[in-house]
Amino acid sequence: MYKEQIDMTRLPEHIAFIMDGNGRWAQARGQERSFGHSAGADRMHDIMTCGTRLGIKYMTYYAFSTENWSRPEAEVNYLLDLMIKHLEEEIFMKNNVRFRIIGEMSRLPQKMQDACNHLMERTKNNDASNMVVAFSYSTRWEMQRAVRNMVKDVQDGKLNPEDITDKTIDSYQMTNFMPNPELLVRTGGEQRLSNFLLWQAAYSELYFTDTYWPDFDEECLYKAIVDYQHRQRRFGKTGEQVVDEAKKEK
Ligand code: IPE
Ligand code: IPE
Ligand code: MG
């Protein structure tokens, strides 16, 4: 239904997802939260496949935040094991998708670090799309890391403080290999960013839906893209300026 409404010439290059609502989805079914996480992880693969077929070049999935470490230990362990299970090479190879992870890798169990490194290496030549998983990620942590590295480079004489621009800051972020997301989707009804891509989403179009992540299907993705395509992105200019510039481009 929504798919036909998508303008294929104006697809977002990067869509970021805050996959929220797994626990509530399970609880509404009288199940344990883990049941929702498992359904949510499968959904992540479905959306990756669908987005890749559509032609979305980058998709970033917020799977586990720095703050999520403070959940009950059993839930944290479940989420770590689940992620390892979903790093199957086959689905990435079949879809020609490159895998990347952003976040504090050193905090992850060795087994997971190994699985991530293996998959990144195996998929490094895949070029239909990029699936980026944000795990043990938060922008405040990412910024701390960036500032430390920048200061170190200044001390080592590799970086001149006068030359620091927003592009320099971009280059010190974990997301430096991809464009900023044009569209940021959060499922599960909450309207907040929860420490996700705060710097990168400065001009993202935000799309909030009450749908819980395990119910976020292809149709939901198409609907979000159609909604995005109906917005006028002004970047500080007036609506008239934006219309004039679009006319000149034609
Ligand atoms: C999102 O679902 C997944 C993670 C944060 C790991 P939640 O587990 O936050 O689900 P709700 O918000 O409690 O329903
Ligand atoms: C955000 O979900 C993090 C992920 C989806 C991984 P949370 O459920 O942890 O967010 P808050 O705590 O409700 O803001
Ligand atoms: Mg939540």
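Residues numbered from 1 in each chain as written. Chains lettered and ligands numbered in written order. Predicted model: local features only at pLDDT ≥ 70, side-chain atom pairs only at ≥ 80, totals over all residues. Heavy atoms only, no water.

Student: Before we go on, may I ask you to explain unusual backbone geometry in this structure?
Tutor: Negative phi is the rule for most residues except glycine; trans is the rule for most peptide bonds. In this structure, N195 is a non-glycine residue whose phi angle is positive, near 70 degrees. Within the secondary structure, N195 sits in the loop between β5 (183-186) and β6 (205-208). If you check the backbone angles, L197 has positive phi at about 45 degrees while not being a glycine. (Helix = DSSP H or I, 4+ residues; strand = E, 2+ residues; numbered from the N terminus.)

Student: What exactly am I supposed to notice about the site of ligand 2 here?
Tutor: Neighbouring residues of ligand 2: I18, M19, D20, Y62, A63, F64, S65, N68, R71, R186, R192 and S194. Residue N68 places a side-chain N or O atom 2.9 Å away from an oxygen atom belonging to ligand 2. Contacts to ligand 2 include S194, whose side-chain N or O atom sits 2.6 Å from an oxygen atom. Starting from 390 Å² of accessible surface for ligand 2 in isolation, the protein chains cover 79%. The cavity that encloses ligand 2 is the largest pocket. Sorting elements by how many residues they give to the shell around ligand 2 places strand β2 (residues 58-65) first, with 4 residues. (Near = heavy atom within 4 Å. Polar contact = N/O pair within 3.5 Å; in protein donor to acceptor, adjacent residues only side chain to side chain. Areas by Shrake-Rupley, 256 points an atom, 1.4 Å probe, with all protein chains shown as cover. 1 Å grid on protein atoms, 1.4 Å probe; cavity = no way out; pocket = protein on both sides within 12 Å on 5 of 7 lines; lining within 4 Å. Sits in = over half its atoms within 2 Å of the grid points.)

Student: Would you mind showing me how to read the state of the cysteines here?
Tutor: One pass over the structure, following the stated rule, counts 0 disulfides. Considering cysteine sulfurs only, C220 is the nearest to C50, which forms no disulfide, with 10 Å between them. (Disulfide = S-S within 2.5 Å.)

Student: Please explain the pairing of strand β4 (residues 129-137) as it appears in this structure.
Tutor: On a regular strand, one side chain projects to one face of the sheet and the next to the other, so that they alternate. The buried fraction of β4 is high, at 9 of 9 residues. One ladder, built from 7 bridges, connects β2 with β4; its direction is parallel. Its bridge partner lying in β4, Y62 is registered against A134. (Buried < 20%, exposed > 50% of the residue type's maximum accessible area, 1.4 Å probe, protein only. Pairing = 2+ DSSP bridges.)

Student: Just to check I follow, could you spell out the site of ligand 1 for this structure?
Tutor: For ligand 1, the full set of nearby residues is M19, D20, G21, N22, G23, R24, R33, H37, A63, N68, R71 and L79. Contact distances for ligand 1 include 2.8 Å between an oxygen atom and a side-chain N or O atom of R33. Against a free-state accessible area of 380 Å², the protein chains account for coverage of 87% of ligand 1. Structurally, ligand 1 is housed in the largest pocket. Residue contributions to the shell around ligand 1 peak at 3 residues, all from helix α1 (residues 22-27). Among the residues forming the shell around ligand 1, the class breakdown is 3 nonpolar, 5 polar and 4 charged. (Nonpolar A, V, L, I, M, F, W, Y, C, P; charged D, E, K, R; others polar.)

Student: What is the right way to look at the side chain of Q173 in this model?
Tutor: By the secondary structure assignment, Q173 is in the loop between α7 (166-172) and β5. When near neighbours in sequence (up to four residues on either side) are disregarded, Q173 contacts E142, M143, R145, A146, W199 and Q200. (Contact = heavy atoms within 4.5 Å.)

Student: Teacher, can you tell me more about the packing of helix α3 (residues 73-85) against helix α5 (residues 110-122) here?
Tutor: Two measures define how a pair of helices packs: the angle their axes make with one another and the distance between the axes. At a closest axis distance of 10 Å, the pairing of α3 and α5 adopts a crossing angle of 25 degrees. Judged on the interaxial angle alone, α5 and α3 are roughly parallel. Both α3 and α5 take part in a crossing whose hand is left-handed. The residues of α5 that touch α3, namely those facing L80, M83 and I84, are K111, M112 and A115. (Axes fitted to C-alpha atoms, helices over the stretch in contact; angles between N-to-C directions. Parallel < 35°, antiparallel > 145°, perpendicular 65-115°, else oblique. Left-handed = near helix turned anticlockwise from the far one by under 90°.)

Student: What exactly am I supposed to notice about the packing of helix α2 (residues 33-54) against helix α8 (residues 218-229) here?
Tutor: At a minimum axis separation of 10 Å, α2 and α8 run at an interaxial angle of 50 degrees. The orientation of α2 with respect to α8, classified from their angle, is oblique. As α2 packs across α8, the resulting crossing turns out to be right-handed. Residues I47, C50, G51 and L54 of α2 pack against E218, L221, Y222 and I225 of α8.

Student: How should the nonpolar core be read in this particular structure?
Tutor: Proteins that are soluble and globular tend to have nonpolar side chains buried together. Counting 46 residues, the largest nonpolar core has F17, Y61, F135 and I225 as the members making the most contacts within it. In this view, F135 contacts A63, F64, L79, L80, M83, I101, I102, G103, E104, L108 and M112; residues no more than four positions away in its chain are not counted. The next biggest cluster of nonpolar side chains, apart from the first, holds 15 residues, and it includes A16, Y137, W141 and M174. (Core = buried A, V, L, I, M, F, W, Y, C linked by side-chain atoms within 4.5 Å.)

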